[in-house]
Amino acid sequence: MTEPPSLIDYPCDFPIKIMGHADTLAGQAAVGAEHTLVQQSFPQAVLMIVKRHAPDFDDTSMAIKISKKGTYLSLTCTVRAVSRTQLDALYQELCDHPTVVMTL
């Protein structure tokens, strides 16, 4: 089965908007050589996922906006997309993460 042609010309800068609850912790994550367990915030969890799929992503370029009532956070990450496969994998991992409510 062949994939339909992409409407996007790669490589390109591609904005991704990720929404989650403002007070959500991502849970336990193993970090460092000794695998110390730490709590992660929603933005930290998203940043780790984005950097896994787009290692050249600049952390400081992540735009964060909080909802009027302070319930939700909206994160916008503009990644340098090199392929449809890369974007599909990034979207899938973001959508599968328990702290992510919606990804656009």
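Residues numbered from 1 in each chain as written. Predicted model: local features only at pLDDT ≥ 70, side-chain atom pairs only at ≥ 80, totals over all residues. Heavy atoms only, no water.

### Let's talk about the overall build of the protein
Put simply, the test is: Each helix is a run of DSSP H or I of at least 4 residues and each strand a run of E of at least 2, with the numbering of both proceeding from the N terminus. For every residue, the accessible area (1.4 Å probe, protein chains only) is compared with the maximum for its type, and the residue is labelled buried under 20%, exposed over 50%, or partly exposed between those bounds. The contact criterion used throughout is that any non-hydrogen atoms of two residues lie within 4.5 Å.
When you go through the protein residue by residue, the secondary structure sums to 2 helices and 6 strands. When the helices and strands of the protein are read in sequence order from the N terminus, they spell out β-β-β-α-β-β-α-β. For the protein, buried positions account for 34% of its 104 residues. Pairs at least 24 apart in sequence give 63% of the contacts found in the protein among residues at least 6 apart.

### Topic: the sheet that holds strand S6 (residues 100-103)
Keep this limit in mind: When DSSP finds two or more bridges between a pair of strands, those strands are recorded as paired. Helix axes are fitted to C-alpha atoms over the stretch in contact, other axes to C-alpha atoms as well, and angles between N-to-C directions run from 0 to 180 degrees.
Pairing is antiparallel across the open sheet formed by 4 strands, whose spatial order is S4-S5-S1-S6. Sheet topology places strand S4 (63-66) and S6 at the edges, where each strand pairs with a single neighbour. Taking the axes of each pair of neighbouring strands and ignoring which way they run, one obtains an average angle of 25° across the sheet. Docked against the sheet, helix H1 (residues 42-53) engages strand S1 (12-21), strand S5 (72-81) and S6, running at close to 15° with respect to S5. Packing against the sheet, helix H2 (residues 84-96) makes contact with S1, S5 and S6, and its axis sits at approximately 5° to S1.

### Side note on the packing of aromatic side chains
Formally: Aromatic contacts are taken between Phe, Tyr and Trp rings whose centres are within 6.5 Å, Trp giving its six-membered ring; a plane angle under 30 degrees counts as stacked, one over 60 as edge-to-face, and the others as tilted.
Summed over all chains, the structure comprises 1 aromatic pair. The interplanar angle of 80° and the centroid separation of 6.5 Å between the aromatic rings of phenylalanine 14 and tyrosine 91 together place this pair among those described as edge-to-face. Pair noted here: phenylalanine 14 is in strand S1 and tyrosine 91 is in helix H2, with a separation of 77 residues, a long-range link.

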